[in-house]
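The chain contents come next:
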Amino acid sequence: MIASCLCYLLLPAARLFRALSDAFFTCRKNALLAKSPSPQVEGNFAMAPRGPDQEECEGLLQQWREEGSNQVPSTVSEGPLAEKGLADSSLALLMDNSGEQDAASDDKWSSRQLSDLRAAENLDQPFPEVLGEEPQSEVEGPLWAADPVQTEPQYADCAVLPLSTMAAQQWEADPAVVPWNMALEPVPQEEAPMWPFEGLEQPPPVEIPYHEILWREWEDFSTQPDAQGLEAGDGPQFQFTLMSYNILAQDLMQQSSELYLHCHPDILNWNYRFANLMQEFQHWDPDILCLQEVQEDHYWEQLEPSLRMMGFTCFYKRRTGCKTDGCAVCYKPTRFRLLCASPVEYFRPGLELLNRDNVGLVLLLQPLVPEGLGQVSVAPLCVANTHVLYNPRRGDVKLAQMAILLAEVDKVARLSDGSHCPIILCGDLNSVPDSPLYNFIRDGKLQYDGMPAWKVSGQEDCSHQLYQRKLQAPLWPSSLGITDSCQYATSCRPKRLERRKYGRDFLLRFRFCSIACQRPVGLVLMEGVTDSKPDRPANWAECVLEEDTSEFEPVFPRPIGTIQHCLHLASVYTHFLPQHGRPEVTTMPLGLGMTVDYIFFSAESCGNENRADHRLDRHGTLKLLGRLSLLSEEILWAANGLPNPFYSSDHLCLLASFGMEVTAP
């Protein structure tokens, strides 16, 4: 290496830098070729540099031997191999012209190169030229490493360097050379158990399976149920499981393809996603299945037939307008009997507040108790499923849609005595925990007057915007027919106890009243018919005092800027993972994890201080027996977000187990 560098000092200054850089790359390639276990060296080889003509090279080398040999460091000049071998070999190489070599000469050089490579593999000691030691006596000449012919112009003057000088250098990995080096035949594992290329990047480790990264635990809040699905304790219970799942409509995914650039195209294919979704349904096997973003053609052609084969009875409501997706509620007829199904449309023509096409679906189901329990009864169960508007800046629309759904739930779940049967409200509400909309559903009351519309859902912080839409009271007009208590106005009127019966004598009492004796305006005069005025008897009073027979029309005072409901709902999930110290995540739009999917159920607590304990139940309410844990944002990032090869939607499914009290008649 040093001798070659000194030789290059005599070259023109313009070629010096190029020659040094070419020598560096040549050393890297020669080092890896020397380590190659392959018995053959492929390709053409050049044993002479390309550049100056033959006479110029001979003169330069002779001048270096006569005048510049005294300037060589002692560590190199003291060795006969370093002085004589390098000089003679350099002269032989410089005088040789690769363009004039014939095929036999090429074969001769190739045989010598292979011999040198095999000898280099058996060298165990470092080379003395570099370490400053005396050369070994058995070494008679320098070993040479073959250099492939470089067709690029930047390698035209690349020199062949002695292997003894090159092999002792500790080269650091250069990213520009790594791809070229990796084309060599890999070293067998039994020969080199350690990664042989120091400084080069090793192959990535084996990936952890998705099912281990995305493992979701079942949190059990009850004892083990018996074979009939009933649990002994304070009393028998009817147990069932419910799943809520936004399965990502294929049309919506294609319309917003920029949200799924991180996904491989194969896992976004509907056939792949459909198989994954069905496998997930079969694995968890819920008794009630509430789905959102169900594409209509996929529902009728694939989902509904497949779910029917799994034992489900399905109801579907497509979004209004030109939308192609909707909501579906499926239940097992072996566990429930349908009492009524009520689709809910939020669109109201001519009302700007409700001009969106979102929908909901409310079912009233009667649980079927096993015959072996005798004459026992279970209260009906009301299940509501919805997908609320996404737009984070239109919180007013979201509140109005939720008010319509709650009014429908109130009507369907109301019993004859005015109370409500157990209720489950689930779906994609497009609101984060502790947002005003979330608190309204959980606490039953919201003061909204003057609130910025973006703040209702909490999805985005738009406080920096100059113009902000603010909610004003009343939020919706009275013509909607829904009160601020989220009830239909007609259902709030008291029912008439009995039908009034009027006899002839009672009606004749109004014959000569003041109203009856007044001539109607525009009455045509007809002789003998309308020209006479009735004569009131002397003992007939002008005013007949009777009780007010008009039907009572209640007047409902609307609280200024406040809405409320009386359904007493609580969330299945706490929205925080204590074991990880991270918030729960149900979706990851643009890589940002958040919770927008919920399962609310009827569960009155003993006080606000115990609000977090959802297992406290009273008569007529549900008892939470278990739930499927959610994941954190960090865990989903490790699986490349959502969707991924394991979960084929951009949302996680929610699953919970409930118990209902079984009572004797």
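Residues numbered from 1 in each chain as written. Predicted model: local features only at pLDDT ≥ 70, side-chain atom pairs only at ≥ 80, totals over all residues. Heavy atoms only, no water.

- In the annotation of an unreviewed UniProt entry, the entry for the protein chain reads Protein angel homolog 1, and the organism field reads Jaculus jaculus.

Let's talk about the overall build of the protein chain
Working step 1: A count of helices and strands for the protein chain gives 17 helices and 17 strands.
Working step 2: Long-range contacts, defined here as pairs at least 24 residues apart, represent 74% of the contacts in the protein chain between residues at least 6 apart.
Working step 3: Accessible area of the protein chain: about 36600 Å², with a carbon and sulfur share of 53%. (Helix = DSSP H or I, 4+ residues; strand = E, 2+ residues; numbered from the N terminus. Contact = heavy atoms within 4.5 Å. Areas by Shrake-Rupley, 256 points an atom, 1.4 Å probe, with all protein chains shown as cover.)

A few points about the nonpolar core
Working step 1: In terms of nonpolar packing, the biggest core is built from 62 residues, with Phe240, Phe281, Ile288 and Phe658 touching the most fellow members.
Working step 2: Beyond its immediate stretch of four places on either side in the chain, Ile288 contacts Phe240, Thr241, Leu242, Met243, Val329, Cys330, Tyr331, Phe336, Leu365, Leu381 and Val383.
Working step 3: Val344, Leu353, Val362 and Ala403 belong to the second-largest nonpolar core, a separate cluster that totals 48 residues. (Core = buried A, V, L, I, M, F, W, Y, C linked by side-chain atoms within 4.5 Å. Buried < 20%, exposed > 50% of the residue type's maximum accessible area, 1.4 Å probe, protein only.)

A closer look at the confidence of the model for the protein chain
Working step 1: Model confidence for the protein chain is summarised by a mean pLDDT of 74, while 58% of its residues fall at 70 or above.
Working step 2: Confidence over residues 27-52 falls short of pLDDT 50; this stretch has 65 contacts with residues more than four positions distant or in other chains. (pLDDT = per-residue confidence, 0-100.)

Some words on the environment of Ala407
Working step 1: With respect to the helices and strands, Ala407 occurs in helix H14 (residues 395-413).
Working step 2: By relative accessible area, Ala407 is classed as buried at 0%.
Working step 3: If we ignore the near neighbours within four places in the chain, the residues touching Ala407 are Ile482, Cys486, Gln487 and Tyr488.

Looking at the pairing of strand S15 (residues 597-602)
Working step 1: With six of six residues buried, S15 lies mostly within the body of the structure.
Working step 2: Alternating residues of S15 divide into Asp597, Ile599 and Phe601 and Tyr598, Phe600 and Ser602, and every residue in both groups is buried.
Working step 3: Direction of pairing for strand S9 (residues 423-428) relative to S15: antiparallel, over a ladder of five bridges. Each bridged residue has a counterpart across the sheet, and for Leu425 the counterpart in S15 is Phe600.
Working step 4: Two strands pair when backbone bridges link them, and strand S12 (residues 569-571) and S15 are joined in this way by three bridges, in the antiparallel orientation. Within S15, the residue paired with Ala570 across the bridge is Phe601. (Pairing = 2+ DSSP bridges.)

Let's talk about the sheet that holds S9
Working step 1: Reading across from one edge, S6-S7-S8-S9-S15-S12 is the order of the six strands in this open sheet, with mixed pairing throughout. What marks the edges here is a single partner per strand, and that holds for strand S6 (336-345) and S12. Ignoring which end each strand starts from, the neighbouring axes of this sheet average 20° apart.
Working step 2: Here nine bridges tie S6 to strand S7 (residues 359-367), and the two strands are oriented antiparallel to one another. Across the sheet, residue Phe336 finds its bridge partner in S7, namely Pro367. (Axes fitted to C-alpha atoms, helices over the stretch in contact; angles between N-to-C directions.)

Observations concerning the sheet that holds strand S16 (residues 623-628)
Working step 1: As summarised here, the arrangement of the seven strands in space is S1-S16-S17-S2-S3-S5-S4, forming an open sheet in which the pairing is mixed. Both outer strands of the open sheet, strand S1 (218-220) and strand S4 (313-318), are each paired with one neighbouring strand and no more. Neighbour-to-neighbour, the strand axes of this sheet turn through a mean angle of 20°, independent of strand direction.
Working step 2: When S16 meets strand S17 (residues 654-661), the two strands line up antiparallel, connected through four bridges.

Comments concerning unusual backbone geometry
Trans peptide bonds make up most of the peptide bonds, and negative phi angles are found at most residues other than glycine.
Working step 1: In this model, Ala473 is joined to Pro474 through a cis peptide bond whose omega is -5°.
Working step 2: Residues Leu642 and Pro643 are joined by a peptide bond in cis, for which omega reads -10°.
Working step 3: By the element assignment, Pro643 lies in the loop between helix H17 (633-638) and S17.
Working step 4: At Asp285, a position not held by glycine, the phi torsion is positive, near 50°.
Working step 5: The residue Asp285 is located in the loop between helix H12 (270-284) and strand S3 (288-295) in this model.
Working step 6: A residue is classified by how much of its surface remains accessible, and Asp285, at 39% relative accessible area, is partly exposed.
Working step 7: At Asn430, a residue that is not glycine, the phi angle is positive and equals roughly 50°.
Working step 8: As for its placement among the helices and strands, Asn430 is situated in the loop between S9 and helix H15 (436-443).

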